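So you can see what is in the structure, the chains are spelled out below.
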Amino acid sequence: MATAAAASASEPETDPKAGPEAEGEEDEAKADRTRRKVLTRAVATAAYKAMGPAWDEQREEGVSESDGDEEFAMASSAESSPGEDEWEYDEEEEKNQLEIERLEEQLSINIYDYNCHVDLIRLLRLEGELTKVRAARQKMSEIFPLTEELWLEWLHDEISMALDSLDREHVYDLFEKAVKDYICPNIWLEYGQYSVGGIGQKGGLEKVRSVFERALSSVGLHMTKGLAIWEAYREFENAIVEAARLEKVHSLFRRQLAIPLYDMEATFAEYEEWSEDPIPESVTQSYHKALQQLEKYKPYEEALLEAEAPRLAEYQAYIDFEMKIGDPARIQLIFERALVENCLVPDLWIRYSQYLDRQLKVKDLVLSVHNRAVRNCPWTVALWSRYLLAMERHGADHHVISVTFEKALSAGFIQATDYVEIWQAYLDYLRRRVDFKQDSSKELEELRSAFTRALEFLRQEVEERFNESGDPSCMIMQNWARIEARLCNNMQKARELWDSIMTRGNAKYANMWLEYYNLERAHGDTQHCRKALHRAVQCTSDYPEHVCEVLLTMERTEGTLEDWDIAVQKTETRLARVNEQRIKAAEKEATLAQQEEEKAEHRKRARAEKKALKKKAARGADKRKADEDAEKEWRGDEEEQPSKRRKLENSVPAAAEAAPDLEEEMGLFGKSASADVTPPSKQKERAAAALKRDVPKVPHDSSKDSVTVFVSNLPYSMEEPDVKLRPLFEACGEVAEVRPIFSNRGDFRGYCYVEFKEEKSALQALELDRKNVGGRPMFVSPCVDKSKNPDFKVFRYSTALEKHKLFISGLPFSCTKEELEEICKAHGTVKDIRLVTNRAGKPKGLAYVEYENESQASQAVMKMDGMTIKENVIKVAISNPPQRKVPEKPEARKGPGGPNVPRQIYGARGKGRTQLSLLPRALHRPSTTGAQAENGPALKPAVTTSEATEAPKMSNADFAKLLLRK
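Residues numbered from 1 in each chain as written. Predicted model: local features only at pLDDT ≥ 70, side-chain atom pairs only at ≥ 80, totals over all residues. Heavy atoms only, no water.

Here's the deal with the overall build of the protein chain
Reasoning step 1: Along the protein chain, the regular secondary structure elements total 39 helices and 11 strands.
Reasoning step 2: Burial status across the protein chain gives 37% buried among its 966 residues.
Reasoning step 3: For the protein chain, restricting intrachain contacts to residue pairs at least 6 apart in sequence, the fraction spanning at least 24 positions comes to 62%.
Reasoning step 4: Accessible surface, the protein chain as shown: approximately 57600 Å² in total, 51% of it carbon and sulfur. (Helix = DSSP H or I, 4+ residues; strand = E, 2+ residues; numbered from the N terminus. Buried < 20%, exposed > 50% of the residue type's maximum accessible area, 1.4 Å probe, protein only. Contact = heavy atoms within 4.5 Å. Areas by Shrake-Rupley, 256 points an atom, 1.4 Å probe, with all protein chains shown as cover.)

Shown next as C-alpha cells:
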C-alpha cells in the first residue's frame, strides 16, 4: 500500500545529475534506496497527522515532519557528496543484508526457530523493507502467537501507513488477530482508541461500542489493569452528544462498581460527583459487596506484585483459589493472566484446556485455547493429542483435523515415543469414523492406508533421527491386527501382521505369543492356536515354562492323545534345553564374577600398598623434620649445660652399649641423672610430639543441626580455615561458630561445620554449594546425623528426564564455561551451564546446559550433536540420567549358589572385607606344578574359596612349620 505510494512519489523527485558521474550506477541506486526510505516515512507521517488531533497522543512510532525533512536533506546531501558517513552506512547495510539472507536460510531449514523469526523482523524493519517485514510478521504469526510487544510494534507500523478505508479494515483485522493470542489490556485499549478514529464512517459508533464491550468481557475483570478499559469507555460515552448518553454512563458506572477492582473508592467518589441524583441503594450495596470480595483477592494480587516473573507458583495458588469459588469468568481470566508470563509451560495449558473441556464446553473457546496451546508449546505431544480429541468432540471438519495432524508431525518432538503417541491418537480418530457394518468403505480404506503410512513413517523418519522407532512392542501393528480380526473379520491380514511383529525381535517374549494366542482363540480356530503355541515353545526365552503350561492346558482340554504326546515331548525337550542353557550361563557368570573379585582384590592390595608407601614416605619426612628440631634442641641444651654434658659424656655411650637387662639399673643415678642421660632418640621423639598441635576436640551438638551446615572438599593445605571461611558464610547471615576438623597430628582434614544464629541463614548457605574455594569445588550440605538417617542423600541436581536441559559429553578439558555458552546461545536462550568436575575441581569433559524451554533444547540437540570443538567430537542429548541403583542389604546378598553367586549380588564393589577368607596365603598356592599338570590327568576345576577353607585341617604345629619354612 504505502510502499507503492512512496515509490511513485519518489520518481518525480529523482535528479539524475545530483551525484558525480564518477560514482556510477551503483551509487545512484544506493542513493535512490535511501531517498525512498525517507519519503516512505514522510508519507506515513502525513497520513498519520491527517487522522485528526484526537490521535496526536498515540503517535509513538510516527516521525515528525522536521525529522523527515532533515533525513531527506541528509539523503540529498549524501547523494550529491558521498563521504565517510555514507561508506559506513553502506557497510552496515551490506552486513545487515548478509544477516538477513542467513536468517532466511535458517528458517527454510527450521521454520520453528522463534528467535530467528524475531531477529529477521527486526533487521527487515531496520532496513525499511516494508513488504518483506509484513510478510515475515505474517509468517511468524501463523506459527507462533506473538507477544504484546511484537503486536503493538506491528500495529503501530500499520497504523502509520494506513491511508484509506481499506487500510483501516486491514488494521482492524490485525487487531482481531492480536487480541486472540494472549489477554492484553493494552492491545484492547489501543483497539478501542483506534476505532474511535473511524467513528465518522458508516457504522463507526456501533463499531466502537462493540470493541469496548468485547474488551470489558475479556479484561474488564482484571483487578489491576481493567480500570483503564472502563474509564476509556466512559470517556468515549461522555464525549458523545446524545440524549441517551447519560443512561449509558450511569450503566457503565454501576457495572464497574459491582466488580472488585483496585481503586474502587475513587471510582465511587467520581460517580457521586458526576451524578446529579443520589446513588441508588442497590448500587451502594453492590459496591460494598465488591469491596469485601476485593479484600479476599488482595493477598493473591499482592503476592503477584511482590514476586518476580514468571510467578508460576503465585499464579497456581491464585488459580486454586478461583477454582474453589467456581466463577467461570474469573477462572478463565486468571488462567489467561498466568499464561501471558508462562506461555511455555505445557502443564498450565493442559490444566486450562482440561477445565474448558470438562466444564465450559464452548466450542469456539475450547478450540481457540487448544490451538494457542500447540502454537506456544509445539514440542509437547500431549497438547496435540488433546487438540485432536477436542476437534473431534466438537465436530470439526475431517480436512481440518487432518491438516492439524500434519502440523503435529512437523512440530519436532523430542522423543521417538511422542510420534507413536500422536499416530495412535490420529488412528483412533480414523477408526471411530469407520462404519464396520459395511464390507468396504472410503473411511476403512483411509484407515488402512494411514496404518501403512504410520509404520513407514516410524521406520524411516523416526528411526533415522532417534535410532529407534519408538514402538519396540509394535503397539500400532497390534491395534491394526485387532481391528482386522475383531471388526473386519479378516484373520488372514491379522496373522500377516503378527508374523511381521514376531520377526521384529518380539518372538522371544512370552507375553507377545500369548497375546497372539488370545486373538486366535477369540477370532481364529484351534489349528492356528496350536500352531502359534508350538512356535512359542520353540522361540520363547524369558518365560518358556508359562508358554509350555498354556500349551499343555489347551491339549488337555481340546486335543487328542496324539496331540497330547506331541505337546509333552516338545515341552520336555524345550525345558531340558533351557535348563542346560541356564546352567551354562550361571557357570559362565560365576566364573566372570570370580575373575572380577580377584581383579578387585588385586586392585585393593595395590591401593593398600601404594597407600602404605605414601604413609611411610610422609612418616619419614615428619621423622626427619622432628630429628632436625630435636637436634637443634639438643644443641641448645649443650650450650646451656656444658659442665653436665662433659660430666656425663662418658656414661652415655656406656649405657648405649649395655645389655637391655641393665637398663633397669639406670635409676641408681637418681632422678636428675635419668633425665639428663635420656638417649637422643627419645629426646627426638619428645620434640616431635611437642610439635603436634594440641587441638581440643569439640563434640558435635546434634540439637543444632537445623542451624548448621556441613562443608567438605576443602583444600587440605588451607591455613586457618575458620578465619578464611567466616567472611564467605557471613554473607548468608550471622555466623555463630566455624569448627574445622583436624587430625591427631594437627593437620586440617578438609571439612568443617559452620553454625549460624538463624535457620534461614543455614538454608541460604546451601546455595554456596560447588563454589570454587582454593581451586576446588566446595561442597555445602545440610548437617544430618547419618547414624539416625542412613538413607539420607544430598544431590542438588535432578535425576529425571529434563526436556529443557542438554547433556554434553566429549568436551575438551580446556573448554571453559564462557566458550561453551558462546556456542550454545546460538540455538536459544541459555539459562545455566554446569561443567562437571571431579573433587579436585578438574573438568571431566562433561556439561549440562539448561535452555529456556524444550523447543530450544530440541533444536540445539539437532544442531550440536556431532559438532567438533577443539578437535573433539561432542555428543549432545536430552538430559536423562540413569536411575541410581540402591545396593542390597547384606542379608539379601546370600544366594543359594554359595560361591557361584554373581558379583552383581554383592553390589558394585564386590565382597566386603568381612567376607574374606582368613586362610594363610600359602594355602592358596596350587598344589601341583606345571609339569605334573602337563603330563598327568586333566586339570580339575579351580577350587573355590569355600572349598579351600573347608579342605585343610591343620594344627598349631603345622602352622609353625609353615612359618619356619620362610
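What to know about the packing of aromatic side chains
Reasoning step 1: Throughout the structure, instances matching the rule amount to 33 aromatic pairs.
Reasoning step 2: Taking the centre distance of 5.4 Å and the plane angle of 20° together, the rings of Tyr-300 and Tyr-318 count as stacked. Here the residue Tyr-300 occupies a position in helix α14 (residues 281-306), and Tyr-318 occupies one in helix α15 (residues 312-325), the gap between them amounting to 18 residues.
Reasoning step 3: Over the aromatic face of Tyr-194 sits the side chain of Arg-168, whose NZ or CZ is 4.3 Å from the ring centroid.
Reasoning step 4: The side chain of Lys-207 reaches across the aromatic face of Tyr-172, ending 4.6 Å from its centre. (Phe/Tyr/Trp six-rings, centres within 6.5 Å; stacked < 30°, edge-to-face > 60°. Lys NZ or Arg CZ within 6 Å of the ring centre and 35° of its normal.)

Structural notes on the pattern of salt bridges
Reasoning step 1: As enumerated under the stated definition, the model contains 43 salt bridges in all.
Reasoning step 2: With a shortest N-O distance of 2.9 Å, Arg-209 and Glu-237 are connected by a salt bridge. Of this pair, Arg-209 sits in helix α10 (residues 204-219) while Glu-237 is found in helix α11 (residues 226-239), placing the two residues 28 residues apart along the sequence.
Reasoning step 3: The shortest N-O distance in the salt bridge between Glu-515 and Arg-482 comes to 3.3 Å. Taken together, the residues span a long stretch of sequence, with Glu-515 in helix α25 (residues 510-523) and Arg-482 in helix α23 (residues 475-487) at a distance of 33 residues.
Reasoning step 4: A single salt-bridge network, built from bridges that share partners, covers Arg-125, Arg-137, Glu-153 and Asp-157. (Salt bridge = Lys/Arg side-chain N within 4 Å of Asp/Glu carboxyl O.)

Description of a positive patch on the surface
Reasoning step 1: Residues Lys-611, Lys-615, Lys-616 and Arg-619 make up a contiguous surface patch of positive charge.
Reasoning step 2: Locating Lys-616 in the fold gives a position in helix α28 (residues 561-640). (Patch = residues over 30% accessible without salt bridge, like charges linked within 9 Å, V, L, I, M, F, W, Y side chains within 5 Å. Lys, Arg positive; Asp, Glu negative; His and termini not counted. Charge placed at Lys NZ, Arg CZ, Asp CG, Glu CD.)

Remarks on the side chain of Asn-853
Reasoning step 1: Tracing the sequence through the fold places Asn-853 in the loop between β8 (843-851) and α36 (854-864).
Reasoning step 2: Aside from chain neighbours lying at most four places away, what touches Asn-853 is Leu-344, Trp-379 and His-804.

What to know about the sheet that holds strand β2 (residues 735-742)
Reasoning step 1: Ordered in space as β2-β3-β1-β5-β4, the 5 strands form an open sheet in which the pairing is antiparallel. Among the strands making up the open sheet, the edge pair consists of β2 and β4 (771-773). The sheet shows a mean angle of 30° between the axes of neighbouring strands, direction not considered.
Reasoning step 2: For β2 and strand β3 (residues 748-756), the ladder comprises 6 bridges, and the chain directions are antiparallel. Opposite Arg-739, over in β3, you have Tyr-753 as the bridge partner.
Reasoning step 3: Together, β1 (708-712), β2, β3, β4 and β5 (776-782) form the strand contacts of helix α33 (residues 721-730), whose direction differs from that of β2 by roughly 140°. (Pairing = 2+ DSSP bridges. Axes fitted to C-alpha atoms, helices over the stretch in contact; angles between N-to-C directions.)

Some words on the sheet that holds strand β6 (residues 802-809)
Reasoning step 1: With antiparallel pairing, the 4 strands of this open sheet are ordered in space as β7-β8-β6-β11. If you trace the sheet from one side to the other, it starts and ends with β7 (830-837) and β11 (875-879), each paired once. Pairwise comparison of adjacent strand axes, ignoring direction, gives a mean angle of 25° for this sheet.
Reasoning step 2: Here α36 sits on the sheet and contacts β6, β8 and β11; the angle it forms with β6, its principal contact strand, is near 25°.

Things to note about the confidence of the model for the protein chain
Reasoning step 1: For the protein chain, the average pLDDT comes to 78, and 72% of its residues sit at 70 or higher.
Reasoning step 2: Here residues 1-26 scores under 50 on pLDDT; set against residues more than four positions off or in separate chains, the count is 26 contacts.
Reasoning step 3: Note on residues 28-82: pLDDT is under 50 here. Beyond four places in sequence and across chains, it has 66 contacts. (pLDDT = per-residue confidence, 0-100.)

A look at helix α9 (residues 185-196)
Within an α-helix, residues lying three or four positions from one another point in the same direction, as the helix has 3.6 residues per turn.
Reasoning step 1: Under the 1.5 Å per step criterion, the end-to-end length of α9 is 17 Å for 12 residues, consistent within 8% with the ideal 16 Å.
Reasoning step 2: Of all 12 residues making up α9, 9 are buried, and the element is well covered by its neighbours.
Reasoning step 3: Its buried side turned inward, α9 meets α7 (148-161), α8 (165-181), α10 and α11. (Expected span 1.5 Å × (residues − 1).)

A word on the pairing of β3
In summary, the side chains of a regular strand alternate between the two faces of the sheet.
Reasoning step 1: Burial analysis of β3 places 7 of its 9 residues in the buried class, which makes it a mostly covered element.
Reasoning step 2: Direction of pairing for β1 relative to β3: antiparallel, over a ladder of 4 bridges. From the neighbouring strand, Val-711 faces β3, where its bridge partner is Cys-752.
Reasoning step 3: From the end of β2 to the start of β3, which pair antiparallel, there are 5 residues, and Gly-746 there has a positive phi angle of about 90°.

Here's the deal with the packing of α9 against α10
Reasoning step 1: Contact geometry of α9 with α10 gives a least axis separation of 8 Å together with a crossing angle of 170°. Viewed along their axes, α9 and α10 adopt a mutual orientation that is roughly antiparallel. Every residue of α10 that contacts α9 at Pro-185, Trp-188, Tyr-191, Gly-192, Ser-195 and Val-196 is listed here: Lys-207, Val-208, Val-211, Phe-212, Arg-214, Ala-215, Ser-218 and Val-219.
Reasoning step 2: Taken together, the residues of the contact of α9 with α10 sort by class into 9 nonpolar, 3 polar and 2 charged. (Parallel < 35°, antiparallel > 145°, perpendicular 65-115°, else oblique. Nonpolar A, V, L, I, M, F, W, Y, C, P; charged D, E, K, R; others polar.)

Notes on the packing of α23 against α25
Reasoning step 1: Between α23 and α25, the shortest axis-to-axis distance is 10 Å and the interhelical angle comes to 10°. Classified by the interaxial angle, the pair formed by α23 and α25 is roughly parallel. Regarding α23 and α25, the two cross each other, and that crossing is right-handed. Touching Gln-478, Ala-481, Arg-482, Ala-485 and Arg-486 of α23 are Met-512, Glu-515, Leu-519 and His-523, all from α25.
Reasoning step 2: Among the residues making up the contact of α23 with α25, the classes are represented as 4 nonpolar, 2 polar and 3 charged. (Left-handed = near helix turned anticlockwise from the far one by under 90°.)

Concerning α7
Reasoning step 1: Here α7 contains 14 residues, and its C-alpha end-to-end distance of 20 Å stays within 8% of the 20 Å for a straight helix at 1.5 Å per residue.
Reasoning step 2: Among the 14 residues that make up α7, 12 are buried, leaving the element largely enclosed by the rest of the structure.
Reasoning step 3: Every buried residue of α7 is listed here: Glu-148, Leu-150, Trp-151, Leu-152, Trp-154, Leu-155, His-156, Asp-157, Glu-158, Ile-159, Ser-160 and Met-161.

Details of a negative patch on the surface
Reasoning step 1: A surface patch of negative charge is lined by Glu-231, Glu-235, Asp-263 and Glu-265.
Reasoning step 2: The topology assignment puts Asp-263 in the loop between α12 (245-257) and α13 (264-274).
Reasoning step 3: When its relative accessible area of 45% is taken as the criterion, Asp-263 is described as partly exposed.

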